[in-house]
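Geometric and topological summary
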Amino acid sequence: MSGTYRVAVIAGDGIGKEVVPQGIAAMEAAASRYGFAFQWREFDWSCETYAKTGRMMPEDGIGQLAPYDAIFLGAVGYPGIPDHISLWGLLIPLRRQFQQYINLRPVRLLDGVDTPLKNRKPGDIDFYVVRENNEGEYSEIGGRLFAGTENEMAMQEAVFTRRGCDRVMRYAFELAKTRKKHVTSATKSNGIIHTMPYWDERFAAIAGEYPGFTTDQYHIDILTAHFVRHPDWFDVVVGSNLFGDILSDLGPAVVGSIGIAPSANINPERQYPSMFEPVHGSAPDIAGRGVANPIGQIWSGAMMLDHLGERAAAQAVERAIAEVLADGGTRTPDLGGNAGTKELGAAVAAAIR
Ligand code: NAI
Ligand code: MG
């Protein structure tokens, strides 16, 4: 029952450094209440490290993280270092080498959080975005020709494998099995004539394995409109790497602040560590002021607890977040209040205890 989990911590840049300690404090509160323990090991991999060493992480970084039970990440990225360096130097290699091919992002409207949508209340919006996290549009295949001339051109190839499509779609159906058994596919098979019709074909094939489920599919353009106009239509939405990326920022936006949105990069086979991080980035515009909302980080921690098999503790953390938000006494500026990161973190930790 009571295990000790070894977790690698990468706070990263900007507000990552401010929200991660609050995430750890909440996890410690859950651990002491539910009788298990954590061993945290911090890695200072970030844009700051890049500026000093020329690398976001050491050459054997993947090997260093491999033995851990999970990775708890804040955010990386900082002005002065191009975003593709921080992303391809750390986040994307971790997601790929550790076969974290599922990016799971819950979208839930909670009591006490204002939605920009009219007439929506808690319960109306409660779905998951399941994003393919290893292939698709985010590929290194491509290049430039005739650089610097009038004939200059850039090409980028998208990669859709049967294995890659099937496993993310099956994951979506398995998740829907525990919910309303409704899966929506994000596509664009009208405009993108090779990969997206293939995606649709695989979706139909996998749907065939799940009789009794409701399925639908929408082209990504109208799907974004439906997220705003009819968020109550959705239960589990599965999308390719790019479409899932876009939908999983739009989702949190319709339920209030990006500051509360969590995510998990999951290796379902558990052959490698999975990684838990908020949806938001390093927010350089507010970094260093102690006002970042720590709830996205703490909620990501709840997803980590769930993955580690500590379901009761995970639920307790989610309940604590919901209680503190509903109570409304302690809020960071993104939620319309004037509390700081530490105060809101402490309120959630107290509610967990
Ligand atoms: P961002 O998520 O950092 O910030 C967007 C807006 O939301 C900003 O106005 C920010 O102040 C606000 N915000 C974000 N998190 C918040 C929180 N916890 N509490 C209160 N307000 C919050 O996205 P942006 O500005 O596009 O990117 C900034 C940097 O972060 C870039 O270098 C980018 O590449 C990186 N980034 C990293 C990610 C990661 O590590 N997973 C994800 C997204 C962006
Ligand atoms: Mg994104």
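The following paragraphs examine the structure supplied in this document. Since the structure is predicted, the reported quantities are computational estimates derived from the model, not experimental observations. (Residues numbered from 1 in each chain as written. Chains lettered and ligands numbered in written order. Predicted model: local features only at pLDDT ≥ 70, side-chain atom pairs only at ≥ 80, totals over all residues. Heavy atoms only, no water.)

**Here's the deal with unusual backbone geometry**
One non-glycine residue, Lys181, lies in positive phi territory at about 55 degrees. Among the structural elements, Lys181 can be located in the loop between helix H5 (162-177) and strand E8 (182-187). Although it is not a glycine, Ala283 sits at a positive phi angle of roughly 40 degrees. Relative to the elements of secondary structure, Ala283 occurs in the loop between strand E12 (274-278) and helix H9 (295-307). (Helix = DSSP H or I, 4+ residues; strand = E, 2+ residues; numbered from the N terminus.)

**Re the sheet that holds strand E3 (residues 70-75)**
Ordered in space as E2-E1-E3-E12-E11-E4-E5-E10-E8-E9, the ten strands form an open sheet in which the pairing is mixed. Whereas interior strands pair on both sides, the edge strands pair on one side only; in this sheet they are strand E2 (37-42) and strand E9 (214-219). Across the sheet, the axes of successive neighbouring strands diverge by a mean angle of 25 degrees, strand direction being ignored. Here four bridges tie strand E5 (residues 126-132) to strand E10 (residues 236-239), and the two strands are oriented parallel to one another. By the bridge assignment, Arg131 is partnered in E10 with Gly239. Set on the sheet, helix H7 (residues 220-229) makes contact with E5, E8, E9 and E10; between it and E9 the angle comes to about 110 degrees. (Pairing = 2+ DSSP bridges. Axes fitted to C-alpha atoms, helices over the stretch in contact; angles between N-to-C directions. Contact = heavy atoms within 4.5 Å.)

**Description of the site of ligand 1**
In the region of ligand 1, 21 residues are neighbours, and Asp83, Gly281, Ala283, Asp285 and Asn293 sit closest. Between Asp83 and ligand 1, the recorded distance is 2.7 Å, taken from a side-chain N or O atom to an oxygen atom. With respect to ligand 1, the side chain of Asp285 contributes an N or O atom lying 2.8 Å from an oxygen atom. When isolated, ligand 1 has an accessible area of 800 Å², and the protein chains bury 71% of it. In terms of residue class, the shell around ligand 1 is made up of eleven nonpolar, six polar and four charged. (Near = heavy atom within 4 Å. Polar contact = N/O pair within 3.5 Å; in protein donor to acceptor, adjacent residues only side chain to side chain. Areas by Shrake-Rupley, 256 points an atom, 1.4 Å probe, with all protein chains shown as cover. Nonpolar A, V, L, I, M, F, W, Y, C, P; charged D, E, K, R; others polar.)

**Quick look at a nonpolar patch on the surface**
Together, Leu145, Phe146, Met153 and Met155 make up a nonpolar patch on the protein surface, roughly 380 Å² of accessible area in all. Along the polypeptide, Phe146 turns up in the loop between strand E6 (142-145) and strand E7 (153-156). (Patch = residues over 30% accessible without salt bridge, like charges linked within 9 Å, V, L, I, M, F, W, Y side chains within 5 Å. Salt bridge = Lys/Arg side-chain N within 4 Å of Asp/Glu carboxyl O.)

**As for the pattern of salt bridges**
Throughout the structure, instances matching the rule amount to 14 salt bridges. Close ionic contact of Lys17 with Glu48 constitutes a salt bridge, the shortest N to O distance being 3.2 Å. Taken together, the residues span a long stretch of sequence, with Lys17 in helix H1 (residues 16-34) and Glu48 in helix H2 (residues 47-53) at a distance of 31 residues. For Lys188, the salt bridge identified is with Asp221, shortest N-O distance 2.8 Å. Placement of Lys188 in the loop between E8 and helix H6 (195-207) and of Asp221 in helix H7 is noted, with a sequence separation of 33 residues between them. Beyond isolated ion pairs, a larger network of salt bridges with shared partners links Arg108, Asp126, Arg179, Asp235 and Glu318.

**What to know about the environment of Ala312**
Secondary-structure assignment places Ala312 in helix H10 (residues 311-327). C-alpha separation for the pair Ala312 and His182, spaced 130 residues apart in sequence, amounts to 26 Å.

**Digging into the pairing of E2**
Here strand E1 (residues 4-12) pairs with E2 via six bridges, running parallel. Looking at the pairing, Arg6 lines up with Gln39 of E2. The handedness of the E1 to E2 crossover, carried by H1, is right-handed. (Right-handed = clockwise from strand over helix to strand, strands pointing away.)

**Structural notes on the packing of H9 against H10**
To characterise two packed helices, one gives the angle between the axes of the helices and the distance between these axes. Close contact between H9 and H10 brings their axes to 7 Å; oriented N to C, the two are set at 160 degrees. Regarding the angle of H9 to H10, the classification is roughly antiparallel. Classified by chirality, the crossing of H10 by H9 is left-handed. Contact residues: H9 offers Ile295, Ile298, Trp299, Ala302, Leu305 and Asp306, while H10 offers Arg311, Ala313, Ala314, Val317, Glu318, Ile321 and Leu325. (Parallel < 35°, antiparallel > 145°, perpendicular 65-115°, else oblique. Left-handed = near helix turned anticlockwise from the far one by under 90°.)

**Section: the side chain of Asn133**
By the element assignment, Asn133 lies in the loop between E5 and E6. Apart from the residues within four sequence positions on either side, Asn133 is in contact with Arg95, Gln100, Tyr101, Ile102, Asn103, Asn241 and Asn265.

**Here we look at the nonpolar core**
Of all hydrophobic cores here, the largest spans 80 residues; its most connected members are Phe38, Leu104, Val130, Met304, Leu305, Val317 and Ile321. With near-sequence residues (within four places) excluded, Phe38 lies in contact with Thr4, Tyr5, Val7, Met27, Glu28, Ala31, Met304, Leu305 and Leu308. Among the nonpolar cores identified, the runner-up in size contains 19 residues, and Ile10, Phe43, Leu91 and Phe98 belong to it. (Core = buried A, V, L, I, M, F, W, Y, C linked by side-chain atoms within 4.5 Å. Buried < 20%, exposed > 50% of the residue type's maximum accessible area, 1.4 Å probe, protein only.)

**With respect to the packing of aromatic side chains**
By the definition in use, this model includes 18 aromatic pairs. Seen in terms of ring centroids, Phe98 and Tyr272 are 5.9 Å apart; in terms of plane orientation they differ by 35 degrees. Their pairing is tilted. Of this pair, Phe98 sits in the loop between helix H4 (83-97) and strand E4 (102-108) while Tyr272 sits in the loop between strand E11 (262-266) and E12; the two residues are 174 residues apart in sequence, bridging distant segments of the chain. Phe98 sits in the buried class, given a relative accessible area of 1%. Ring geometry for Tyr218 and Phe234: centres 6.5 Å apart, planes at 85 degrees, overall edge-to-face. Of the two residues, Tyr218 is situated in strand E9 and Phe234 in the loop between H7 and E10; the sequence distance between them amounts to 16 residues. An aromatic cluster of three or more residues is present, and its members are Tyr5, Phe36, Phe38, Trp40 and Phe72. Here Arg41 stacks its cationic end above the ring of Phe43, 4.5 Å away from the centre of that ring. (Phe/Tyr/Trp six-rings, centres within 6.5 Å; stacked < 30°, edge-to-face > 60°. Lys NZ or Arg CZ within 6 Å of the ring centre and 35° of its normal.)

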